[in-house]
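In case you want the letters, here they are:
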Amino acid sequence: MATRIRTHRKQRKNLLTSPGTLTYVGKSVDIKTQIKRIEYNASFYHEAIDSNLDVCLPRAESTDQPFVTWLNVTGIHEPDVIGQIGKMYQLHPLMLEDVMNTDQKPKVETYENGHLFVTLKMLHFDENSPTELWAEHISFVLGKNYLISFQEEQSGDVLTPVIDRLKASVGKTRRSGPDYLLYALVDVIVDNYFLVLENFGDQLDQLEDQVISGYQSQSLSELYSIKRELTFARRLIWPLRDMVAQLVRPDDPLVSKRVHPYMRDVNDHVMQIIESLDAYRELLASLVDVHLSTISNRMNQVMKTLTIFSAIFMPITFIVGVYGMNFDNIPELHTRNGYFITWGVMGMVTLGMLGYFRWKKWL
Amino acid sequence: MATRIRTHRKQRKNLLTSPGTLTYVGKSVDIKTQIKRIEYNASFYHEAIDSNLDVCLPRAESTDQPFVTWLNVTGIHEPDVIGQIGKMYQLHPLMLEDVMNTDQKPKVETYENGHLFVTLKMLHFDENSPTELWAEHISFVLGKNYLISFQEEQSGDVLTPVIDRLKASVGKTRRSGPDYLLYALVDVIVDNYFLVLENFGDQLDQLEDQVISGYQSQSLSELYSIKRELTFARRLIWPLRDMVAQLVRPDDPLVSKRVHPYMRDVNDHVMQIIESLDAYRELLASLVDVHLSTISNRMNQVMKTLTIFSAIFMPITFIVGVYGMNFDNIPELHTRNGYFITWGVMGMVTLGMLGYFRWKKWL
Amino acid sequence: MATRIRTHRKQRKNLLTSPGTLTYVGKSVDIKTQIKRIEYNASFYHEAIDSNLDVCLPRAESTDQPFVTWLNVTGIHEPDVIGQIGKMYQLHPLMLEDVMNTDQKPKVETYENGHLFVTLKMLHFDENSPTELWAEHISFVLGKNYLISFQEEQSGDVLTPVIDRLKASVGKTRRSGPDYLLYALVDVIVDNYFLVLENFGDQLDQLEDQVISGYQSQSLSELYSIKRELTFARRLIWPLRDMVAQLVRPDDPLVSKRVHPYMRDVNDHVMQIIESLDAYRELLASLVDVHLSTISNRMNQVMKTLTIFSAIFMPITFIVGVYGMNFDNIPELHTRNGYFITWGVMGMVTLGMLGYFRWKKWL
Amino acid sequence: MATRIRTHRKQRKNLLTSPGTLTYVGKSVDIKTQIKRIEYNASFYHEAIDSNLDVCLPRAESTDQPFVTWLNVTGIHEPDVIGQIGKMYQLHPLMLEDVMNTDQKPKVETYENGHLFVTLKMLHFDENSPTELWAEHISFVLGKNYLISFQEEQSGDVLTPVIDRLKASVGKTRRSGPDYLLYALVDVIVDNYFLVLENFGDQLDQLEDQVISGYQSQSLSELYSIKRELTFARRLIWPLRDMVAQLVRPDDPLVSKRVHPYMRDVNDHVMQIIESLDAYRELLASLVDVHLSTISNRMNQVMKTLTIFSAIFMPITFIVGVYGMNFDNIPELHTRNGYFITWGVMGMVTLGMLGYFRWKKWL
Amino acid sequence: MATRIRTHRKQRKNLLTSPGTLTYVGKSVDIKTQIKRIEYNASFYHEAIDSNLDVCLPRAESTDQPFVTWLNVTGIHEPDVIGQIGKMYQLHPLMLEDVMNTDQKPKVETYENGHLFVTLKMLHFDENSPTELWAEHISFVLGKNYLISFQEEQSGDVLTPVIDRLKASVGKTRRSGPDYLLYALVDVIVDNYFLVLENFGDQLDQLEDQVISGYQSQSLSELYSIKRELTFARRLIWPLRDMVAQLVRPDDPLVSKRVHPYMRDVNDHVMQIIESLDAYRELLASLVDVHLSTISNRMNQVMKTLTIFSAIFMPITFIVGVYGMNFDNIPELHTRNGYFITWGVMGMVTLGMLGYFRWKKWL
Ligand SMILES: [Mg+2]
Ligand SMILES: [Mg+2]
Ligand SMILES: [Mg+2]
Ligand SMILES: [Mg+2]
Ligand SMILES: [Mg+2]
Ligand SMILES: [Mg+2]
Ligand SMILES: [Mg+2]
Ligand SMILES: [Mg+2]
Ligand SMILES: [Mg+2]
Ligand SMILES: [Mg+2]
Ligand SMILES: [Mg+2]
Ligand SMILES: [Mg+2]
Ligand SMILES: [Mg+2]
Ligand SMILES: [Mg+2]
Ligand SMILES: [Mg+2]
Ligand SMILES: [Mg+2]
Ligand SMILES: [Mg+2]
Ligand SMILES: [Mg+2]
Ligand SMILES: [Mg+2]
Ligand SMILES: [Mg+2]
Ligand SMILES: [Mg+2]
Ligand SMILES: [Mg+2]
Ligand SMILES: [Mg+2]
Ligand SMILES: [Mg+2]
Ligand SMILES: [Mg+2]
Ligand SMILES: [Mg+2]
Ligand SMILES: [Mg+2]
Ligand SMILES: [Mg+2]
Ligand SMILES: [Mg+2]
Ligand SMILES: [Mg+2]
Ligand SMILES: [Mg+2]
């Protein structure tokens, strides 16, 4: 299952075990691991799916031409299965640990026995709670003529478009080696980040309108929630930044020179996504300021209303109090029009006050 | 069409296609692509415009002397046209993708088959809504004796001054190669950034006066809007920072040593623009503080007014209440001048209060 | 004893002494230093505990095969004991100073006579006061075929799991040299940081719920207290960042190439912890903003309540004041239903006010 | 004329001209360019002033010994004059552009034909409006045995002290080459920055006293104004930071090794100035916080005053209201001392309130 | 005399003088410069004090063994004395300028004629005004077999412990060269920084308690004052960060390899101090937030009190107003228990209000 930002407590499971002990730290899953072996070159394409490990044995009846084997493993929660695959391909125990550790941050690592290890995250927003971002852990092991991919679960396989393209026609991927396949798979993952980016952009747009129009119920906790998801996304994408430098090396026997411009292109997209996330973060910070100032402005408005009411009614309430006094000798009380004159005076006081506040621009 | 900051959703169009598939992601456009071929050297100048691709074939009847060909393509929304040009000049499919991708950030890239690719943004403020900044995507491909420029649309071609200079007289550009032409075109684009900078400076000046004078209606959302456009502009200019380092390389066969000081000069201007944008950003942040403190000061003013009113009228209203009581035995009520003495006492209370507030510097 | 963030005053003890003078600067301890000597290789395991220094002499009756000696010293407060160990293994006086200096920040240092010195911190939250983070000072000296570890006190020895694994079976550690043992020990310490991280995560989760739900008693001083502990933890973990670069060097005679991937794995975990701490720090900063805005919103609410009360009662209190005046000639007073009409008028004023405030969205 | 921070609109003048076209972008000036030629070595000193360019021709009747020529040009607004000097000394057109461009930021540049170009800013506060900082553009061209200086205008020539020293006696400058003269001139400019720094320090001192004492009229807009000038100054001094690295190069034929320590000394001073400006900036930010908290404290004071008044007068005004009621049967009204007892009760309520507020520390 | 942060105006004294002109810029001092010459090696120790320069001549009657000469100069305000010492040891004029310039920031510099120059600051809090930090300027010149130290004044010589150790016994310093002496002196100065750090820690502890307990009188200006001193201290310690890199160079003839670990140890301490200062700074920033939120909370409290009073007394004052009206026909007035029923109604209104506010959690 995919992972949310607050799951470090799962880590405890394998905390004090011997290094290289395989332990799955993600959410518990019931499904069996599914293994799909795809073999192809420019002239043929062959595919086999099973949850039995034997299907991933290299095909005996292979063609004369060299071909690419892609082992697509879906499910990383069964230490036994992962361990067996590791034994078959002689993968380093720490590499297998990283394959199963859903808290592992993205990285590229080269192992002594000629394996290139790439691990990164697939990001998507929860369909039911559309402001919650989820991450899936995906790893790739590139060997001389094969590629192994490990991903968390079956639902919504982001790699499907690449499989479809492989099947559909003899394109660039079919004519190239496993390095180009690695590129194609990483590219499709990074391309999906743009959907996440777009979702953030839409949320920000809505909030911007809310905040600027001054409609404020809940705004700040929404701002905080976007901020938290942005921080989460950035933390998982940021390490990809150095990835290309490690994939594009002059004399790497695994990644051929022809694939370098493609890898640089992925890097370009990663940089664009990071910069957009940073720009969003900066705008969020400004929106917080706008929001706080809106609150202050509104309080100002409330205070003015109160002050205007008080300043109008206090003087005239005082006046009516004066003529409610019981002194024996209050000459005004006995004049014929005292009452009406008092009304006049009070009207004038009121108008004076209103004029004063208009002059002060409070009205 | 030019692009605004929030258009990542267009990206979805080519999200899961095969790499190198040409897709236009900007606003949809109806106009046909226009192709202008200019050929020149110190002794002749020739120009041809058409929307037909055949006009961009190298001229057969060329002079004996070497000459420079500039292919100025206006319109990057037709994959067919761009693809054909790419085939003719053997441009890398990823380069063509970047030419059409209006979301591509500025960069310089060298391709194996001897092409130097430069892509950057033309910035201008919307003429109708003068606080909205728009970006146009412009790309250049520098070859051995030709330069290809791709730009979004016709209206307001910023490259016109260079064409005019080429036509008008035999100047430095006419006597130099396509590397100098590239410089001249980039220079004219960067020079236009100063107009954007100036516009920001003017907006900031106005806001500064507004904020400091305390005139506050809408100030903060205007501050926010300038901030957003500044962030936008900075994000599109910042990558140019490293451009010169890639253009000025000791043994580059495409950019001759004579052009290096000119490229450095462009870099100088880019740095100046970035620093000005940063200074503006810092001042904006300070203006937000001034604005918030102005709101607070104003609320303080309102509170003081309310407090002064209350503090004056509450005591005297109490006094008139006292003599409005109906006790049988209130001696003061029956004195001859009780009423007038009461007025005197109330006057003194009022003066006392006023004095107290003057002493507290509230008046 | 472990150390809290504010104990620089202990430093004064050895301030002006001759360099290399051994002085313990931590909390005073009564317990005697305990020394445990463990010797092992793939075929045997031998362990001896004593507070007598003689037990740490190399065993005479050693097997023919090479073996690893681990000297596990618990207690760093007795200059005599530390000094004697230093003499026996020819440790540099400054290294011993750092072993005893509980304020020493984590670092790796190579000494001329072939010692690799690693010092770092064990972190744990106080069991009684669960928001207080404590640090214990742990140092390692790696020699050609031995490892010396120095730690502060006995309670809760974090290295126990490694001892247990050594004893239990012949695993990777038993088959490897002291460099792998060093890795295993550092790994177990770094793994424990995840528990600290988890604790921070839980505290933050609780606070987040508190702050967003607007329940505010004490929130900010709790935010401050987490912030202080985060700053403390980060300051002690951050230096580990460069550790691996110093441990993984091409031609280091002490750390063999086979151990390099393991050291890099530790680095990976350190980086993940630092990034999580930074993400927490950033979220804390945002929570402060949410908290401040919640306070402001609440004050706004209070002000509105006051204003509504005042605006309703001031006018009607004025009206009843008017008909409490004692003018001889107030015609309304003598009408049959004046009193009831007045009630009606006051009811309408009240309803008007309530309508006004509902229109203003204050109700 | 000197330049203020907001003058990018002048830039428009030469925006779309051919590169290298000389255009003056500063404030318009009426004065003619003045040219002063100084020739000296250890044994003689000769000086000639004119606005005629012919005076800057190298002297024919020179002594046998090598000598230094310093061409001190005052006035950079006449493209003709600058162009002619450029032709005479074969200066690069872009160098001349930078000489005339008063918006050019400080830099050091080496040109192919053996010229070292240094441009920087002279800063001073306006004498009439002592919080406005002005910048003058000064450039130096160092050749094999000559130095050319270009500065904006005559008033208050900062280079005078150096001329006086040259005239007065045979000191180090007279015995050295043009590289030492360049140092002496840059040194005198950087020394003048200390006066600017001192002025900032004084302004900050005054504001600090104002803000801390809580005297607040206009404080924040003054804080903003200092902030703006600090940002301005820092932007113009910061680039000097890298200057020395470019001036002190092992095999530079123009700047001899003997002058290197002097150049490093200037760098030292530049660093000290930048750090002071940064410290000032940080203190300014803290002062803003102090100021905002002072405003809040003051509002708190106002609110307390209002609350105390209300809490005292509301209850007793209510009491007098009670005995102003006209019920037939109010027994208290007819007791002998009811009126006086009521006064007593009201006094006690008042004292109770005062006690309550003293207990709450509001008084 | 020691220096405070705001003394750049003294700089003016030597602003426009010829470079290398010796000018003292600190506070004026009356005392004569005191010169102490110490000569030692493992077998002898000799000391001579005078204010006469002749005492610093190398001793003629020296032993056969090589020995170290330490010239400890106290007083840097007499250009004559400093100049004479400079001539005797052939010190570069700019080095002497830096010795006398109390505004010079810490640095290490190597001069061509084999001198290593180190200048740094001695920091201590004012004994009378314990929150004011003072800095003393100390410089060292390391030669082949001698060390010269220059410090500002006599009171409280921080170097005394080293002199005492030299005199007391034949320790490491007596057996080593002037490079180890330099280390010992710098070490003692850096060790003293821990006292400053401790003082900051104590101030911060107190303030933290004050701020969190909500006792607020003056808190923010105290926060500001600590902030200012922290900024001051950091500015003077920060440059030491790069010091060790310049002191520990592979082939330096002046600092032997044996002293390198000691120099690195000093660096370690410097880094620890800088990090603590930074942690303090960060905590200060958080305390400001806590303080501001405390003020807001308090104002909230005041507002609630006011609102509760108003909401209780306004309705009941209205009621008593109603029965103070003089309408001829107010039936309630003539009922037997009207007065007492009114009291009951008012009591119920009061209780209702109290219940409402308790429900709103305001009470
Ligand atoms: Mg583990
Ligand atoms: Mg791992
Ligand atoms: Mg999936
Ligand atoms: Mg892509
Ligand atoms: Mg919108
Ligand atoms: Mg691309
Ligand atoms: Mg794609
Ligand atoms: Mg692409
Ligand atoms: Mg256009
Ligand atoms: Mg330009
Ligand atoms: Mg203005
Ligand atoms: Mg230029
Ligand atoms: Mg802020
Ligand atoms: Mg010491
Ligand atoms: Mg322990
Ligand atoms: Mg681990
Ligand atoms: Mg929660
Ligand atoms: Mg131009
Ligand atoms: Mg230019
Ligand atoms: Mg001048
Ligand atoms: Mg100077
Ligand atoms: Mg002061
Ligand atoms: Mg100097
Ligand atoms: Mg100096
Ligand atoms: Mg000087
Ligand atoms: Mg002293
Ligand atoms: Mg020390
Ligand atoms: Mg405390
Ligand atoms: Mg030490
Ligand atoms: Mg140490
Ligand atoms: Mg803040």
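For every chain, the first residue of the written sequence is number 1, and numbering continues from 1 along that sequence. Each chain gets a letter, beginning with A, and each ligand a number, beginning with 1, in the order they are written. Only residues with pLDDT of 70 or above have their local features reported here, since the model is predicted, and side-chain atom pairs are shown and tallied only from 80 upward, although totals for entire chains, interfaces and linings are computed over all residues. The side-chain values count all of the structure's non-hydrogen atoms but skip hydrogen atoms and water molecules.

## Regarding the coordination of the magnesium ion (ligand 27)
All names here are of chain E. For Na, K and Ca the donor cut-off is 3.2 Å, while for other metals it is 2.8 Å, and in both cases only N, O and S atoms qualify; water is not among them, so sites may look incomplete. Distances from the magnesium ion (ligand 27) to its protein donors, Asp187 (OD) and Asp191 (OD), fall within 2.0 to 2.3 Å. Between the magnesium ion (ligand 27) and the magnesium ion (ligand 14), the interatomic distance is 3.8 Å, and Asp191 donates to each metal, bridging them. In this pair, Asp187 and Asp191 are both assigned in helix H5 (residues 178-213), four residues apart and thus about one turn of the helix distant. Both residues of the pair, Asp187 and Asp191, count as buried. Put simply, DSSP H or I for four residues or longer makes a helix, DSSP E for two residues or longer makes a strand, and each gets a number counted from the N terminus. Relative accessible area decides the class of each residue, using a 1.4 Å probe on protein chains only: under 20% of the type maximum gives buried, over 50% gives exposed, and in between gives partly exposed.

## Brief notes about the pairing of strand S2 (residues 45-50) of chain D
Residues and elements named next belong to chain D. Paired strands are those between which DSSP finds at least two bridges. Here strand S1 (residues 34-40) pairs with S2 via six bridges, running antiparallel. If you follow Ile35 over to S2, its bridge partner there is Asp50. From the end of S1 to the start of S2, which pair antiparallel, there are four residues.

## Considerations on the relation of the copies chain E and chain D
The least-squares superposition of copies is restricted to C-alpha atoms, and to residues with a pLDDT of at least 70 in both copies. Superposing chain E onto chain D takes a rotation of 72° combined with a translation of 0.0 Å along the rotation axis, leaving an RMSD of 0.1 Å. The relationship between the two copies is best expressed as a five-fold rotation axis. Distance from the rotation axis, computed per C-alpha, reaches its smallest value in chain E at Gly324(E): 4.7 Å. Whether two residues touch is decided by their heavy atoms; if any such pair falls within 4.5 Å, the residues are in contact. A low fraction, 15%, of the interface residues of chain E reappear at the interface in chain D, so the copies pair through non-equivalent surfaces.

## Things to note about a nonpolar patch on the surface
Residue and element names in this part refer to chain A. Grouping into patches uses exposed residues only, defined as over 30% relative accessible area, and leaves out salt-bridged ones; the cut-off is 9 Å for like charges and 5 Å for nonpolar side chains (Val, Leu, Ile, Met, Phe, Trp, Tyr). Shrake-Rupley sampling with a 1.4 Å probe provides the accessible areas, and residues are treated as covered by the protein chains on show and by no other component. For salt bridges, the criterion is a side-chain nitrogen of Lys or Arg within 4 Å of an Asp or Glu carboxyl oxygen. Residues Leu351, Leu354 and Leu363 make up a contiguous nonpolar surface patch of roughly 290 Å² in combined accessible area. Tracing the backbone through its elements, the reader meets Leu354 in helix H9 (residues 338-359). Overall, the relative accessible area of 32% leaves Leu354 in the partly exposed class.

## Section: the interface of chain B and chain D
Of the residues lining the interface, 63 residues belong to chain B; the matching set on chain D comes to 65 residues. Taken together, both faces of the contact between chain B and chain D bury some 5,900 Å²; the carbon and sulfur share is 62%. The largest share of the area that chain B buries against chain D comes from Met314(B), Phe318(B) and Phe327(B), three residues that together contribute 12% of it. The partner of Arg281(D) in a salt bridge is Glu282(B), and the shortest N-O contact between them spans 2.7 Å. Distance and chemistry together define a polar contact, namely a pair of N or O atoms within 3.5 Å, with one atom able to donate a hydrogen and the other to accept it when in protein, and with adjacent residues in sequence counting only for side-chain atoms on both sides. Along the contact surface separating chain B from chain D lie 17 residue pairs in polar contact (both at pLDDT 80 or more). Sorting the residues of the side of chain B that touches chain D by element identifies helix H3 (160-168), helix H5 (178-213), helix H8 (260-322) and helix H9 (338-359) of chain B as the ones contributing at least two each. Per element, the largest residue contribution to the side of chain B that touches chain D is 33 residues, and it comes from H8(B). Only Asp, Glu, Lys and Arg are considered charged, only Ala, Val, Leu, Ile, Met, Phe, Trp, Tyr, Cys and Pro nonpolar, and every remaining residue, Gly among them, polar. Looking at the side of chain B that touches chain D residue by residue, the classes come out as 32 nonpolar, 14 polar and 17 charged. Two parts placed together each lose some accessible area; with a 1.4 Å probe, that loss summed over both constitutes the buried area.

## Side note on the domain arrangement of chain A
Interface size is often expressed as the accessible area that is lost when the parts come together. Domain delimitation in this document rests on an assignment produced automatically or drawn from a domain database. Segmentation of chain A into domains returns domain 1 (34-293) and domain 2 (325-359). Domain 1 of chain A and domain 2 of chain A are separated by 81 Å when their C-alpha centres are compared.

## Thoughts on the arrangement of the chains
Left apart from each other, chain A and chain E have a closest C-alpha approach of 9 Å. No part of chain B reaches chain E; the closest C-alpha pair between them is 9 Å apart.

## Some remarks on the interface of chain E and chain D
The interface of chain E with chain D comprises 65 residues on the first partner and 63 residues on the second. Both sides of the chain E and chain D interface together cover about 5,900 Å² of buried area, and 62% of this is carbon and sulfur. Counting the contacts that link chain E with chain D gives four salt bridges. Residue Glu109(E) is joined to Arg264(D) by a salt bridge in which the shortest nitrogen-to-oxygen separation is 3.0 Å.

## Quick look at the pattern of salt bridges
Residue and element names in this part refer to chain B. Here the structure, examined in full by the defined rule, presents 67 salt bridges over all chains. Between Arg37 and Glu39 there is a salt bridge, with its nearest N and O atoms 3.0 Å apart. We note that Arg37, like Glu39, is buried.

## Observations concerning the UniProt feature "transmembrane region" (unreviewed entry) in chain A
UniProt positions are given in the numbering used here, feature names are shortened, and annotations may be inferred rather than shown by experiment. UniProt feature "transmembrane region" (unreviewed entry): in the numbering of this structure it lies at residues 306-326 and 338-357 of chain A. Annotated as residues 338-357 of chain A, this span is 100% helix and 0% strand, and its ends, taken at the C-alpha atoms, are 29 Å apart.

## Describing the packing of H5(B) against helix H6 (residues 219-237) of chain B
Residues and elements named next belong to chain B. An axis is simply a line fitted to the C-alpha atoms; with a helix, the fit covers only the stretch in contact. Between two such axes, the angle follows the N-to-C directions and lies from 0 to 180 degrees. Interaxial distance between H5 and H6 falls to 11 Å at its minimum, and their mutual angle equals 160°. Between H5 and H6, the angle falls in the class roughly antiparallel. Crossing of H5 against H6: the hand is left-handed. Residues Tyr193, Phe200, Gln203, Leu204, Leu207, Gln210 and Val211 of H5 form the contact with H6, whose own contacting residues are Ser219, Glu222, Leu223, Ile226, Glu229, Leu230, Ala233 and Ile237. Each residue belonging to the contact of H5 with H6 can be placed in one class, and the counts come to 10 nonpolar, three polar and two charged. For classification purposes, an angle smaller than 35 degrees is called roughly parallel, one larger than 145 roughly antiparallel, one from 65 to 115 roughly perpendicular, and anything else oblique. Should the near helix be turned counterclockwise from the far one by less than a right angle, the crossing is left-handed, whereas a clockwise turn marks it as right-handed.

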